[in-house]
Amino acid sequence: MQQKFWINRRKAVALALVVGGTALLPIGAQAQALSKSALNLAMIAEPQTLDPMASPTDLVATIMQHVYEPLFTFDASWKIVPMLAEGLPKVSADGKRYSITLRKGVQLHNGRELNAEDVVASLKRWMEVSPRGKALSKEVEDLSINAGHDIEITLKAPYAPLLSQLAMPSGMAAIMAKESIATPLKEFVGTGPYKFKERRPDQYVLLTRFDQYSARKEAPSGYGGKKTAIANELRFIPVPNANTRVEGALAGQYHFADLLPTEALGRLEKSGGKTVPILTPSFGFPYFVFNTKEGVMASQPLRKAVQTSFGEGEMLAAGFGDTRFFTAEPNHFPKGTPFYSNAGAANYNERDAVKAKGQAVQAGYKGETIRILTSRQYDFHYNMALIMAEQLKRAGFKADLNVVDWATLVQRRGDSRLWDIYITHSGQFPEPMLSPPQLGEGAPGWWSSPAKQAALAALNHETNPAKRGALWGAVQQVIYDEVPYVNAGKFNSLSAKSPALQGYVPSTWPFFWNTGLKN
């Protein structure tokens, strides 16, 4: 699947007018034409950690992708391209051995050259710490240095998502200086165009330009190609209140404001050129994770009853309001993409309180409270949670909203004693195994079953893309049957940038290399 980064025509014209001729210049010339002033970037919350392996959240990925880099990444068409690897790997005829040559001369932030020992140590930590890495580790027979700048990954069986997993910015397989590796991380030594300088909780995370950055030669494309650090500093500022982010964007306080409430679009459009709204379609999907480990939702029949009570269309309308911002549909991947499937669609958007009540009785429900964990940092999370609670009550369930800040939610969801359902969202990616993390092992929700293992093994061990689509349909059916999470539909995101900010490319994880302020 190719995610299209889209700005509507009118705004595209406006943006082109603001950018003027600068955007048409090559990156090197553009960098010289732009100011090196610091960028103030309003984020939705305080990151709970700066360890990109320890957290799969988009916020941590957005910030730390400037500090760390993976072996591979995605270009603007979601194709896998090399980053710290010199090129794409050589794969043995049986599909089990990947030989990867590293780029030579890549500088770490501590002044040393990156080598294969750093890469192997980093990937081993990733497979111990990250839910995504833990899942992959079960597929890996051996990880070793093959020569000075070569590493080799040997799999137990062919595993189709390997390179996508290594390329994913969230829960990143980040390559670090081996001497900085610790748990928890105390030093952040990567190879990215920016290096970590300072974190002041609830104030900012400050990154500074890495002047010895070893850029690739290819033209910039998505997260790949040549990166140039133009601004001297990137200041990521936690602004949990969405309306404060809107006001700050309108006042020119922020050069970029992430994830704004959809009802702000009208004000942004009428700002008189003070800010530029950016609409990113097919941005992602909201989903509700069930605690399958303990508590009332550990019962699969009861999860089915809850699923029957859900009206995802009503929730999306409450979350996003304007129909330009959401699509209610049961397929986890859009129509026309390789993984489009209607498997399990009959269980989507039922909103049948009577049927749900009967299923709950059969499941042995005795009025236990269903604890819904949500936050207000993402206003659509909270608004959807309100509707969910009402739908549950209509079906005879006792629901209780637990509203906390986003950092607290991320912390609490790791404790199976504290919640029954939590609300989150994910980007829409081209490979099923990239998200949600519940498809892997150990992610909150702790979904594990023989049906899951069998369906995912069939999908992941099949390397023929033409056959993998149908195999994903079998996985989607298991998700509807066992209800480890509910995919609510698809949504588009709204953010805003200063008209002075040049070179910004709308993306799932906003990045600020190749961007700067107009002089």
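The structure this text deals with has already been given above.
The rules behind the values
- Residues numbered from 1 in each chain as written.
- Predicted model: local features only at pLDDT ≥ 70, side-chain atom pairs only at ≥ 80, totals over all residues.
- Heavy atoms only, no water.
- Salt bridge = Lys/Arg side-chain N within 4 Å of Asp/Glu carboxyl O.
- Helix = DSSP H or I, 4+ residues; strand = E, 2+ residues; numbered from the N terminus.
- Buried < 20%, exposed > 50% of the residue type's maximum accessible area, 1.4 Å probe, protein only.
- Phe/Tyr/Trp six-rings, centres within 6.5 Å; stacked < 30°, edge-to-face > 60°.
- Lys NZ or Arg CZ within 6 Å of the ring centre and 35° of its normal.
- Axes fitted to C-alpha atoms, helices over the stretch in contact; angles between N-to-C directions.
- Left-handed = near helix turned anticlockwise from the far one by under 90°.
- Contact = heavy atoms within 4.5 Å.
- Nonpolar A, V, L, I, M, F, W, Y, C, P; charged D, E, K, R; others polar.

K.L.:
I keep staring at the pattern of salt bridges and nothing clicks. Help me out?
P.N.:
Any two side chains of opposite charge can pair, given that their charged atoms come close. Inspection of the entire model under this criterion finds 22 salt bridges. Measuring nitrogen to oxygen at the nearest pair gives 2.9 Å for the salt bridge that ties R371 to D420. With R371 in strand β15 (residues 369-375) and D420 in the loop between α13 (406-412) and β17 (421-427), the pair connects residues that are 49 residues apart, well separated along the chain. You can call D420 buried: its relative accessible area is 1%.

K.L.:
What should I look at first to understand the packing of aromatic side chains in this one?
P.N.:
When we look at a pair of aromatic rings, we describe it by the centre distance and by the angle of the planes. Throughout the structure, instances matching the rule amount to 29 aromatic pairs. With 5.1 Å between their ring centres and 20° between their planes, F320 and F491 make a pair best called stacked. Here F320 is found in helix α10 (residues 312-320), whereas its partner F491 is found in strand β19 (residues 490-497), with 171 residues between them in sequence. The exposure classification of F320 matches that of F491, with both residues buried. An aromatic cluster of three or more residues is present, and its members are F74, W78, Y223, F429, W509, F511 and W513. The positively charged end of K227 is found above the aromatic ring belonging to W513, 4.3 Å away from the centroid. Against the face of Y382 rests R376, its NZ or CZ located 3.9 Å from the ring centre.

K.L.:
Explain the packing of α10 against helix α12 (residues 379-394) to me, please; I cannot follow it from the model alone.
P.N.:
Geometrically, a packed helix pair is captured by the angle between its two axes and the distance between the axes. Where α10 contacts α12, the two axes come as close as 7 Å, and the packing angle between them is 145°. With respect to the hand of their crossing, α10 and α12 are arranged in right-handed fashion. Here α10 contributes E314, M315, L316, A318, G319 and F320 to the contact with α12, which in turn contributes F380, N383, M384, I387, M388, Q391 and R394. Looking at the contact of α10 with α12 residue by residue, the classes come out as 8 nonpolar, 3 polar and 2 charged.

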